[in-house]
Amino acid sequence: MKIAVVKEMASLEKRVAATPETVKKYIELGFEVGVEENAGLHSNYTNDNYEIAGAKIYSNIEKLISSANIIIKVNNIHTDGEGADNIKYYNKNNIIIGFLKPLQNSQQIKKLAENNIDAFSVELIPRISRAQSMDALSSQSNLAGYKAVINSVNEFSKAIPMMMTAAGTIAPAKILILGAGVAGLQAIATAKRLGAIVSAFDVRTAVKEQVESLGAKFVEVTIDKQNESENETEGGYAKEMSEDYKLKQKALLEDYVKKQDIIITTALIPGKKAPELISSSMVKEMKIGSIIMDLAAEAGGNCNFTKANETIIENGIKILGPTDLPSQIPQDASNLYAKNLLNFIKLMVKDKKLKINWEDEILKKSCVSFEGKIINI
Ligand SMILES: NC(=O)c1ccc[n+]([C@@H]2O[C@H](COP(=O)([O-])OP(=O)(O)OC[C@H]3O[C@@H](n4cnc5c(N)ncnc54)[C@H](O)[C@@H]3O)[C@@H](O)[C@H]2O)c1
């Protein structure tokens, strides 16, 4: 069994899919490990570090890929233009594993299937307890929530905590988090640690307790108790809300948004366009110098003005839509992602041989291309 760790080609991608620590574990599992030259440099892992862990370094990508059973990567496969992956070397003996973004990149998945290349997309790993250690979406969103606050604070022209000084008192900043899932909860915790007055909103009332346990105020739309379960799917994800709910939510947020200094938005319903929570008119009501950090930029944004990977200034309000926040903390993001992948790949190995058990719901649900067919998308 041979595993290949390829260098990421996308311009904003600084993470790597294996660390020297996980290389050692793959070797214990019975793999030979090949690493593309300089694949780990952004994460502070040198070629020597990988070699000492037991990997072989390849400068010839064709040789690395052609003999590999499994290719692990971070970002989706880019087929065209600058930053394109070396897909021409991928072959029918390869299994590709990474954040393949199957919904946004169905054409690339189609190309893999047409070439009989099997592929697993880590975003589709079900959020069940047994899969927690493989949940790459959560490990990366957690870091994104943290970095979103740090970057917003850097853009903000005032201090965050209350300070009483001889020259006067600085009022604490008000930070609002919209969407209290994995990224949102870490954003709340980070903003609290910095001394902000934090409030949060989510359509799932089930998160109220978690928000409050982190010391933030939960902003709540009042709905009939009878309809309470209707805002969450069985899998614990948010559902699209009724028009009546959306109107109530808009009225509530209009009042809240204009009082905030920093707003971090993370609201998402898997597979759907991000809900618009901050309209143009709400932005116009905000104080000059306020910041909106929109984590949902890649799915269209929670703010009407958001543009992915751009900073928009509207009436003195800065609206940022970075899509690479975990990659801005590459070392920790790579460490966590590499462990997620190792735990996932362990499911494919039995007695030092590759064996994919299709009865396992984690493998079954995360596979996007198998034996020439597109599945699960
Ligand atoms: N920009 C980046 O670099 C980056 C990195 C990681 C994740 N993300 C994005 O961050 C977002 C959050 O990721 P996550 O892992 O925390 O997802 P999650 O599913 O854990 O959380 C999303 C939350 O949004 C809530 N939500 C849905 N619709 C809502 C609405 N209308 N109003 C308020 N809340 C609503 C859900 O109930 C859920 O709690 C996603 O859009 C994800 O793609 C961005």
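For clarity, every value in this text was computed on a predicted model and none was experimentally measured.

Undergrad: Would you mind showing me how to read the sheet that holds strand 10 (residues 197-201) here?
TA: Within a sheet, each strand pairs with its neighbour through backbone hydrogen bonds, oriented either parallel or antiparallel. Read from one edge to the other, the open sheet built from seven strands follows the order 11-10-9-12-13-15-14, with strand pairing classed as mixed. Whereas interior strands pair on both sides, the edge strands pair on one side only; in this sheet they are strand 11 (217-219) and strand 14 (311-314). For this sheet, the mean inter-axis angle between neighbouring strands, taken without regard to orientation, is 20°. The sheet contact formed by strand 9 (residues 174-178) and strand 10 spans five bridges and is parallel. Paired with Leu176 across the strands is Ser199, a residue of strand 10. Against the sheet, helix 8 (residues 243-257) engages strand 9, strand 10, strand 11 and strand 12 (262-265), with an angle of about 165° to strand 10.

Undergrad: Is there a simple way to think about helix 4 (residues 106-114) in this case?
TA: Since the α-helix turns once every 3.6 residues, residues separated by three or four places project in the same direction. For helix 4, every residue scored as buried is listed here: Gln108, Ile109, Leu112 and Ala113. The buried residues of helix 4 occupy an angular sector of 145° when projected down its axis, which confines them to one face. Opposite the buried face of helix 4, at more than 90 degrees from it, the exposed residues are Gln107 and Glu114. Residues of helix 4 that are buried sit in contact with strand 6 (118-121), strand 18 (367-370) and strand 19 (373-374). A positive backbone phi angle near 60° is found at Asn116, which sits one or two residues after helix 4.

Undergrad: Whenever I open this one, a nonpolar patch on the surface confuses me. Can you help?
TA: Taken together, Leu103, Ile374 and Ile377 make up a surface patch of nonpolar side chains, about 260 Å² in accessible area. By the secondary structure assignment, Leu103 is in the loop between strand 5 (95-98) and helix 4.

Undergrad: Even after reading the chapter, I still don't get the sheet that holds strand 1 (residues 2-5), so can you show me in this structure?
TA: Strand order in this open sheet of eight strands is 3-2-1-4-5-6-18-19, and the pairing throughout is mixed. If you trace the sheet from one side to the other, it starts and ends with strand 3 (56-58) and strand 19, each paired once.

Undergrad: Could you clarify how one ought to interpret the side chain of Ser121 in this entry?
TA: Summarising the element assignment, Ser121 is placed in strand 6. The exposure class assigned to Ser121 is buried, which follows from its relative accessible area of 0%. Here Leu100 takes part through its backbone nitrogen, which lies 3.2 Å from a polar atom of the side chain of Ser121. In contact with Ser121, other than residues within four places in its own chain, are Gly98, Phe99, Leu100, Lys101, Pro102, Ser366 and Val368.

Rules used in this analysis
Residues numbered from 1 in each chain as written. Predicted model: local features only at pLDDT ≥ 70, side-chain atom pairs only at ≥ 80, totals over all residues. Heavy atoms only, no water. Pairing = 2+ DSSP bridges. Helix = DSSP H or I, 4+ residues; strand = E, 2+ residues; numbered from the N terminus. Axes fitted to C-alpha atoms, helices over the stretch in contact; angles between N-to-C directions. Contact = heavy atoms within 4.5 Å. Buried < 20%, exposed > 50% of the residue type's maximum accessible area, 1.4 Å probe, protein only. Arc of directions from axis to C-beta. Patch = residues over 30% accessible without salt bridge, like charges linked within 9 Å, V, L, I, M, F, W, Y side chains within 5 Å. Areas by Shrake-Rupley, 256 points an atom, 1.4 Å probe, with all protein chains shown as cover. Salt bridge = Lys/Arg side-chain N within 4 Å of Asp/Glu carboxyl O. Polar contact = N/O pair within 3.5 Å; in protein donor to acceptor, adjacent residues only side chain to side chain.

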